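For reference, the chains in residue letters:
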Amino acid sequence: MAKQEPEELLELSSDTRSILDEHGLRPLWEVEEDFGHVFDDLQPDIWKWADMKAAIDHIEEDVPIADLPPGFQRRVTVPINTGMNNAISNTIYVGVQTVSPGETAPSHRHGANALRFTIDGHEDMKTVVAGEEFPMLDNDLVTTPQWEWHDHVNDSDKTVAWLDVLDLPLILDSLNSSNVFENHVLERQPVTKTEGYWDSQYGRTRPANETRDGSIPGPFEGVREPTPPYRFRWEDTLETLRQREENDQLDPHDGYSLAYVNPATGHPPLFPTMSFRAQLLNDGPTDPHFHNATEVFFVIEGSGATHVDGEALEWGKWDIFVVPPGAPHHHDPDDEAILLAITDRPVFEAFNFYAEAEPSE
Ligand SMILES: [Fe+2]
Ligand SMILES: [Fe+2]
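Here's a quick rundown of the structure.

Calculation rules
- Residues numbered from 1 in each chain as written.
- Chains lettered and ligands numbered in written order.
- Predicted model: local features only at pLDDT ≥ 70, side-chain atom pairs only at ≥ 80, totals over all residues.
- Heavy atoms only, no water.
- Salt bridge = Lys/Arg side-chain N within 4 Å of Asp/Glu carboxyl O.
- Helix = DSSP H or I, 4+ residues; strand = E, 2+ residues; numbered from the N terminus.
- Donors = N, O, S within 2.8 Å, 3.2 Å for Na, K, Ca; no water.
- Buried < 20%, exposed > 50% of the residue type's maximum accessible area, 1.4 Å probe, protein only.
- Tetrahedral: all angles 85-135°; square planar, octahedral: opposite > 155°, others 65-115°.
- Expected span 1.5 Å × (residues − 1).
- Arc of directions from axis to C-beta.
- Contact = heavy atoms within 4.5 Å.
- Patch = residues over 30% accessible without salt bridge, like charges linked within 9 Å, V, L, I, M, F, W, Y side chains within 5 Å.
- Areas by Shrake-Rupley, 256 points an atom, 1.4 Å probe, with all protein chains shown as cover.
- Lys, Arg positive; Asp, Glu negative; His and termini not counted.
- Charge placed at Lys NZ, Arg CZ, Asp CG, Glu CD.
- Phe/Tyr/Trp six-rings, centres within 6.5 Å; stacked < 30°, edge-to-face > 60°.
- Lys NZ or Arg CZ within 6 Å of the ring centre and 35° of its normal.
- Core = buried A, V, L, I, M, F, W, Y, C linked by side-chain atoms within 4.5 Å.
- Pairing = 2+ DSSP bridges.
- Axes fitted to C-alpha atoms, helices over the stretch in contact; angles between N-to-C directions.

The next point concerns the pattern of salt bridges. When the charged atoms of two side chains lie near each other, side chains of opposite charge can form a pair. Taken as a whole and assessed by the stated rule, the structure comprises 18 salt bridges. Across the pair Lys158 and Asp120 runs a salt bridge, and its minimum N-O distance is 2.9 Å. Highlighted residues: Lys158 in the loop between strand E9 (150-154) and strand E10 (160-166) and Asp120 in strand E5 (residues 114-120), separated in sequence by 38 residues. With its nearest N and O atoms 3.5 Å apart, the salt bridge here joins Asp155 to Arg188.

See the structure below:
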């Protein structure tokens, strides 16, 4: 019998083909090519603050929050990655939200984890979470964790803007899970805690004689310690950055880099699905590296460029940009700059699948 060529071995008889087709089956070697192409490859991309500001200002003029469809009363403009139609990446979602003076984004809760990073804030702009009012001053980070009631109440005299960050595409698309969602019966949830309550419970002293049952809020189960409602004041984060700058060596890839910790554990990640860093860059270009996690950046202060796969993303204050998985990148600040970094790295680490390296010359 003549030796068969490999291609001939892959030839299937019409009988085989019709059995496969009829029963919803495919041979592995044909399926293999389709792995990793459910989404088009993520692209490095940048959204300039001036453009996002123009968009949210116009949307604010056109649409009061009260006119938005019940169930999703949030006035947000969303950066969309090329190749996707709902988010900046297939794991992380960011958006820029505004609330006008006197408006409330009504109380609701959901399965997705979320946080707010204040862009242009005011002490009378409050995000209310789990019974406590958290003031939103510039660059404060406020968690609105899984299944906690949250509403955004603007009692100030100016429009306030902030960055929303959620794990929505991971939950809704990658895991194909519905976002369990509920509206509060009241527009504003009752304020039942004094200001500073949640912060006070996660400090150097903690409740004694109170055994936590380890349960996770809502209809969920898991092994991670739930993230509490919490406000990371910018003045504290900045002080920690300055102390590091004064006393310590910087990281070659990320500058002086602080991870926001889950206050319940004292360790990152802040959420099981997303980790956050404040990065101070002030010593010229960082060394290039790449990793299989996606990174989204928000520019807190300063200007510069991030070089991604040979493409320069030129950024200034309040711009948002995305570094796709596997793309070599380094930062080159003009002078001092501070970035908020958002990454899906904990998802990879949960499966022992995180990898990072420097490109070879
Ligand atoms: Fe929400
Ligand atoms: Fe990186």
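Our focus in this paragraph is the coordination of the iron ion (ligand 1). Tetrahedral coordination by four donors places them ideally at 109.5 degrees to one another around the metal; octahedral coordination by six donors ideally gives 90 or 180 degrees. The protein atoms that coordinate the iron ion (ligand 1) are His108 (NE2), His110 (NE2) and His150 (NE2), at distances of 2.1 to 2.2 Å. Along the chain, the residues donating to the iron ion (ligand 1) fall in the pattern H-x1-H-x39-H. Remark: His150 occurs in strand E9 and His108 occurs in strand E4 (residues 104-110); sequence separation between them is 42 residues. Of the two residues, His108 and His150, both sit in the buried class.

Cis geometry marks the peptide bond from Pro268 to Pro269; its omega dihedral reads 5°. Looking at where Pro269 falls in the secondary structure, it is placed in the loop between strand E13 (256-259) and strand E14 (275-281). The phi dihedral of Asn139 is positive, around 70°, even though this residue is not glycine. Position of Asn139 among the secondary structure elements: in the loop between strand E7 (132-136) and strand E8 (141-144).

Let us now look at the coordination of the iron ion (ligand 2). Every protein donor of the iron ion (ligand 2) is listed here as His289 (NE2), His291 (NE2), Glu295 (OE) and His329 (NE2), and their distances to the metal cover 2.2 to 2.3 Å. With 4 donor atoms in place around the iron ion (ligand 2) and angles of 89 to 175° between them, the coordination shape is irregular.

We now examine helix H7 (residues 234-247). Helix length check: H7, at 14 residues, gives a terminal C-alpha distance of 20 Å against a target of 20 Å (1.5 Å per residue), a fit within 8%. Within H7, burial applies to Trp234, Thr237 and Leu241. All buried residues of H7 fall inside an arc of 70° around its axis, so they share one side. Away from the buried face of H7 by more than 90 degrees, exposed residues Glu235, Glu246 and Asn247 are located. Those residues of H7 that are buried are in contact with strand E12 (230-232), E13, E14, strand E16 (295-301) and strand E21 (337-343).

Another aspect to go through is a negative patch on the surface. Taken together, the side chains of Asp251, Asp287, Glu358 and Glu361 make up a negatively charged region of the molecular surface. Structurally, Glu358 is set in the segment after strand E22 (356-357). For Glu358, a relative accessible area of 46% gives the class partly exposed.

The final tally for this structure, using the stated rule, is 11 aromatic pairs. A centroid spacing of 6.3 Å and a plane angle of 80° characterise the contact between Trp147 and Phe220, whose relative ring orientation is edge-to-face. Placement of the pair is Trp147 in the loop between E8 and E9 and Phe220 in the loop between helix H6 (197-200) and E12, with a sequence separation of 73 residues. Looking at Trp147, the relative accessible area reads 12%, which means it is buried. For the pair Trp315 and Phe321, a centre-to-centre distance of 6.2 Å together with 5° between the ring planes defines the contact as stacked. Pair check on accessibility: Trp315 and Phe321 agree, each one buried. Sitting above the plane of the Tyr197 ring, Lys193 keeps its charged end 4.9 Å from the centroid.

Attention shifts here to the nonpolar core. In terms of nonpolar packing, the biggest core is built from 44 residues, with Leu163 and Tyr260 touching the most fellow members. Here Leu163 is in contact with Val94, Gly95, Leu115, Arg116, Phe117, Ile119, Phe298, Ile320, Leu340 and Ile342, once residues within four sequence places are set aside. Residues Leu313, Trp315, Val323 and Ala337 belong to the second largest nonpolar core, which totals 12 residues.

The next thing to look at is the sheet that holds E16. On the basis of which strands lie adjacent, the open sheet formed by 6 strands has the order E1-E19-E16-E21-E14-E13 and antiparallel pairing. Each end of this open sheet is capped by a strand with a single partner; those strands are strand E1 (45-47) and E13. If you compare each strand with its neighbour and ignore which way they point, the axes differ by 20° on average. Pairing of E16 with E21, which is carried by 6 bridges, proceeds in the antiparallel orientation. Bridging across to E21, Glu295 finds its partner in Thr343. Here H7 sits on the sheet in contact with E13, E14, E16 and E21, set at roughly 140° to E13.

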